[in-house]
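Chains, contacts and geometry: an overview
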Amino acid sequence: PSKEMVATLLSYRAAKKLFEDNWDTSSRQYYGFCRLLEQVEEEVGADWDGVTVLEDDRKPAVVMPDYIHKASQRGDIKSVLKWINANRTEDRVNATTSVDKMRMPILFLATPSNHLMLMTLLLQLGADADSRTSKCISAIGILFSDVTFEEGDVSPRVRLLMSWGATFIHDGDE
(Lines give C-alpha, C1' and ligand atoms only; values in the text may rest on other atoms or scores of the structure.)
Protein backbone atom coordinates (compact mmCIF):
# COMPACT_ATOMS: atom_id res chain seq x y z
CA PRO A 1 0.00 0.00 0.00
CA SER A 2 1.00 3.62 -0.46
CA LYS A 3 1.88 5.97 2.40
CA GLU A 4 -1.46 7.70 1.94
CA MET A 5 -3.38 4.44 2.27
CA VAL A 6 -1.47 3.53 5.42
CA ALA A 7 -2.03 7.02 6.85
CA THR A 8 -5.76 6.72 6.17
CA LEU A 9 -5.86 3.28 7.78
CA LEU A 10 -4.09 4.56 10.90
CA SER A 11 -6.37 7.63 11.05
CA TYR A 12 -9.52 5.53 10.99
CA ARG A 13 -8.13 3.07 13.53
CA ALA A 14 -7.30 5.97 15.87
CA ALA A 15 -10.79 7.47 15.42
CA LYS A 16 -12.44 4.11 16.11
CA LYS A 17 -10.29 3.62 19.22
CA LEU A 18 -11.23 7.09 20.46
CA PHE A 19 -14.94 6.21 20.22
CA GLU A 20 -14.30 2.91 22.02
CA ASP A 21 -12.26 4.62 24.76
CA ASN A 22 -15.16 7.03 25.32
CA TRP A 23 -17.68 4.16 25.43
CA ASP A 24 -19.44 5.59 22.37
CA THR A 25 -19.87 2.43 20.31
CA SER A 26 -23.55 2.79 19.52
CA SER A 27 -23.51 6.13 17.68
CA ARG A 28 -23.96 6.58 13.94
CA GLN A 29 -20.54 8.23 13.76
CA TYR A 30 -18.87 5.16 15.28
CA TYR A 31 -20.55 2.86 12.75
CA GLY A 32 -19.56 5.27 9.97
CA PHE A 33 -15.91 5.06 10.99
CA CYS A 34 -16.18 1.26 11.23
CA ARG A 35 -17.47 1.10 7.64
CA LEU A 36 -14.73 3.43 6.43
CA LEU A 37 -12.13 1.36 8.27
CA GLU A 38 -13.43 -1.83 6.66
CA GLN A 39 -13.19 -0.23 3.21
CA VAL A 40 -9.62 0.94 3.78
CA GLU A 41 -8.59 -2.43 5.23
CA GLU A 42 -10.04 -4.07 2.11
CA GLU A 43 -8.08 -1.66 -0.13
CA VAL A 44 -4.85 -2.28 1.76
CA GLY A 45 -5.40 -6.04 1.67
CA ALA A 46 -5.55 -8.77 4.24
CA ASP A 47 -2.04 -9.93 3.37
CA TRP A 48 -0.36 -6.64 4.31
CA ASP A 49 2.43 -7.29 6.80
CA GLY A 50 1.95 -3.99 8.64
CA VAL A 51 5.43 -2.78 7.72
CA THR A 52 6.02 -2.65 3.98
CA VAL A 53 4.93 0.62 2.37
CA LEU A 54 5.49 1.88 -1.18
CA GLU A 55 8.20 4.53 -1.16
CA ASP A 56 8.03 7.82 -2.97
CA ASP A 57 10.55 10.53 -3.77
CA ARG A 58 8.77 13.23 -1.80
CA LYS A 59 10.23 14.62 1.39
CA PRO A 60 7.92 13.88 4.34
CA ALA A 61 5.78 16.82 5.37
CA VAL A 62 6.39 18.72 8.58
CA VAL A 63 3.81 17.78 11.22
CA MET A 64 2.18 20.86 12.75
CA PRO A 65 1.50 21.08 16.48
CA ASP A 66 -2.10 20.94 17.69
CA TYR A 67 -2.22 24.62 18.56
CA ILE A 68 -1.42 25.51 14.92
CA HIS A 69 -4.08 23.05 13.75
CA LYS A 70 -6.65 24.90 15.89
CA ALA A 71 -5.26 28.35 14.98
CA SER A 72 -5.57 27.66 11.25
CA GLN A 73 -9.18 26.55 11.69
CA ARG A 74 -9.92 29.75 13.66
CA GLY A 75 -8.14 31.91 11.10
CA ASP A 76 -5.56 33.11 13.65
CA ILE A 77 -3.15 34.62 11.12
CA LYS A 78 -0.66 35.93 13.69
CA SER A 79 -0.10 32.55 15.38
CA VAL A 80 0.12 30.63 12.11
CA LEU A 81 2.58 33.05 10.47
CA LYS A 82 4.69 33.28 13.62
CA TRP A 83 5.03 29.48 13.66
CA ILE A 84 5.79 29.28 9.92
CA ASN A 85 8.44 32.00 10.11
CA ALA A 86 10.07 30.57 13.26
CA ASN A 87 11.96 28.03 11.14
CA ARG A 88 12.18 28.84 7.44
CA THR A 89 14.49 25.86 6.77
CA GLU A 90 11.48 23.55 7.15
CA ASP A 91 8.58 23.64 4.70
CA ARG A 92 6.12 24.66 7.42
CA VAL A 93 3.75 26.37 4.99
CA ASN A 94 2.91 22.87 3.68
CA ALA A 95 2.77 21.29 7.14
CA THR A 96 0.15 18.65 7.86
CA THR A 97 -1.65 17.37 10.91
CA SER A 98 -0.57 14.06 12.41
CA VAL A 99 -1.48 10.70 10.90
CA ASP A 100 -4.33 10.17 13.36
CA LYS A 101 -5.88 13.43 12.08
CA MET A 102 -5.68 12.38 8.40
CA ARG A 103 -2.60 14.46 7.51
CA MET A 104 -4.59 17.55 6.64
CA PRO A 105 -2.46 20.34 5.14
CA ILE A 106 -2.61 23.75 6.79
CA LEU A 107 -4.23 25.29 3.69
CA PHE A 108 -6.91 22.59 3.80
CA LEU A 109 -7.75 23.52 7.40
CA ALA A 110 -8.22 27.21 6.59
CA THR A 111 -10.36 26.59 3.50
CA PRO A 112 -13.72 25.27 4.80
CA SER A 113 -13.75 27.84 7.61
CA ASN A 114 -13.76 30.68 5.04
CA HIS A 115 -10.49 32.28 6.16
CA LEU A 116 -9.70 33.90 2.81
CA MET A 117 -6.93 36.16 4.14
CA LEU A 118 -5.08 33.25 5.79
CA MET A 119 -5.49 31.18 2.62
CA THR A 120 -4.06 34.03 0.52
CA LEU A 121 -1.06 34.47 2.82
CA LEU A 122 -0.33 30.73 2.87
CA LEU A 123 -0.44 30.59 -0.93
CA GLN A 124 1.85 33.64 -1.19
CA LEU A 125 4.32 31.91 1.14
CA GLY A 126 4.36 28.86 -1.13
CA ALA A 127 1.61 26.54 0.09
CA ASP A 128 0.74 23.86 -2.46
CA ALA A 129 -2.77 24.67 -3.75
CA ASP A 130 -3.21 20.99 -4.71
CA SER A 131 -2.04 19.40 -1.45
CA ARG A 132 -4.21 16.58 -0.19
CA THR A 133 -5.18 14.79 2.99
CA SER A 134 -4.35 11.13 3.53
CA LYS A 135 -7.77 10.41 2.00
CA CYS A 136 -6.73 12.39 -1.13
CA ILE A 137 -9.16 15.27 -0.55
CA SER A 138 -7.84 18.65 -1.66
CA ALA A 139 -8.75 22.10 -0.36
CA ILE A 140 -10.83 22.76 -3.47
CA GLY A 141 -12.42 19.32 -3.14
CA ILE A 142 -13.70 20.05 0.37
CA LEU A 143 -15.43 23.17 -0.96
CA PHE A 144 -17.62 21.02 -3.19
CA SER A 145 -18.89 18.84 -0.34
CA ASP A 146 -22.54 19.08 0.69
CA VAL A 147 -21.69 20.44 4.15
CA THR A 148 -19.62 23.33 2.80
CA PHE A 149 -22.22 24.23 0.16
CA GLU A 150 -24.87 24.53 2.87
CA GLU A 151 -22.72 27.05 4.75
CA GLY A 152 -22.80 29.62 1.94
CA ASP A 153 -20.99 30.97 -1.09
CA VAL A 154 -17.73 29.15 -1.86
CA SER A 155 -16.88 30.97 -5.10
CA PRO A 156 -14.27 33.43 -3.66
CA ARG A 157 -12.32 30.51 -2.17
CA VAL A 158 -12.64 28.45 -5.35
CA ARG A 159 -11.44 31.39 -7.47
CA LEU A 160 -8.49 31.96 -5.13
CA LEU A 161 -7.40 28.31 -5.19
CA MET A 162 -7.84 27.99 -8.95
CA SER A 163 -5.85 31.19 -9.54
CA TRP A 164 -2.98 29.51 -7.67
CA GLY A 165 -3.18 26.36 -9.79
CA ALA A 166 -5.51 24.10 -7.83
CA THR A 167 -7.20 21.41 -9.89
CA PHE A 168 -10.40 19.60 -9.10
CA ILE A 169 -9.66 16.54 -11.24
CA HIS A 170 -6.41 14.93 -10.18
CA ASP A 171 -4.30 12.19 -11.76
CA GLY A 172 -6.96 10.68 -13.98
CA ASP A 173 -9.85 10.89 -11.50
CA GLU A 174 -13.17 11.18 -13.25
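Fair warning: this is a prediction, and the values are worked out from it, not measured in the lab.

Here we take up the overall build of the protein chain. Within the protein chain one finds 9 helices and 0 strands. Listing every helix and strand of the protein chain by position from the N terminus yields α-α-α-α-α-α-α-α-α. Evaluated residue by residue, the protein chain yields a buried proportion of 39% over its 174 residues. Within the protein chain, counting contacts between residues at least 6 apart in sequence, those at least 24 apart form 69% of the total. Taken as a whole, the protein chain presents about 10,600 Å² of accessible surface, with 54% of it coming from carbon and sulfur.

Another point: the packing of helix α3 (residues 66-74) against helix α4 (residues 77-86). Between α3 and α4, the shortest axis-to-axis distance is 8 Å and the interhelical angle comes to 135°. Considering their axes alone, α3 and α4 lie oblique with respect to each other. In this structure, the crossing between α3 and α4 has a hand that is left-handed. Residues Tyr-67, Ile-68, Ala-71 and Ser-72 of α3 pack against Ser-79, Val-80 and Trp-83 of α4.

The next point concerns the pattern of salt bridges. Scanning all chains against the criterion turns up 6 salt bridges. Between Lys-17 and Asp-21 there is a salt bridge, with its nearest N and O atoms 3.0 Å apart. With Lys-17 and Asp-21 both in helix α1 (residues 3-21) and 4 residues apart, this pair spans about one turn of that helix. By relative accessible area, Lys-17 is classed as partly exposed at 47%.

For the rest of this paragraph, the subject is helix α9 (residues 155-163). Those residues of α9 that fall on the buried side of the exposure criterion are Arg-157, Val-158, Leu-160 and Leu-161. Looking down the long axis of α9, one finds its buried residues gathered within 160° of arc, a one-sided arrangement. In α9, the exposed residues that point more than 90 degrees away from the buried face are Arg-159, Met-162 and Ser-163. Following α9 by one or two positions, Gly-165 adopts a phi angle in the positive range, close to 95°.

To continue, consider helix α6 (residues 116-124). The complete set of buried residues in α6 reads Leu-118, Met-119, Leu-122 and Leu-123. Along α6, the residues classed as buried sweep out an arc of 135° about the axis, all on the same side. α6 presents Met-117 and Gln-124 as exposed residues on the side facing more than 90 degrees away from its buried surface. Of the surrounding secondary structure, the elements contacted by the buried residues of α6 are α3, α4, α5 (106-110) and α9. Phi turns positive one or two residues past the end of α6, at Gly-126, with a value near 110°.

For the pair α1 and helix α2 (residues 28-44), interaxial distance at closest approach is 9 Å and the crossing angle is 150°. One finds that α1 runs roughly antiparallel with respect to α2. At the point where α1 passes α2, the crossing takes the left-handed sense. Contacts from Met-5, Thr-8, Leu-9, Tyr-12, Arg-13, Ala-15, Lys-16, Phe-19 and Glu-20 of α1 reach α2 at Gln-29, Tyr-30, Phe-33, Cys-34, Leu-36, Leu-37, Val-40, Glu-41, Glu-43 and Val-44. Split by residue class, the contact of α1 with α2 holds 12 nonpolar, 2 polar and 5 charged.

Rules used throughout
Residues numbered from 1 in each chain as written. Predicted model: local features only at pLDDT ≥ 70, side-chain atom pairs only at ≥ 80, totals over all residues. Heavy atoms only, no water. Helix = DSSP H or I, 4+ residues; strand = E, 2+ residues; numbered from the N terminus. Buried < 20%, exposed > 50% of the residue type's maximum accessible area, 1.4 Å probe, protein only. Contact = heavy atoms within 4.5 Å. Areas by Shrake-Rupley, 256 points an atom, 1.4 Å probe, with all protein chains shown as cover. Axes fitted to C-alpha atoms, helices over the stretch in contact; angles between N-to-C directions. Parallel < 35°, antiparallel > 145°, perpendicular 65-115°, else oblique. Left-handed = near helix turned anticlockwise from the far one by under 90°. Salt bridge = Lys/Arg side-chain N within 4 Å of Asp/Glu carboxyl O. Arc of directions from axis to C-beta. Nonpolar A, V, L, I, M, F, W, Y, C, P; charged D, E, K, R; others polar.

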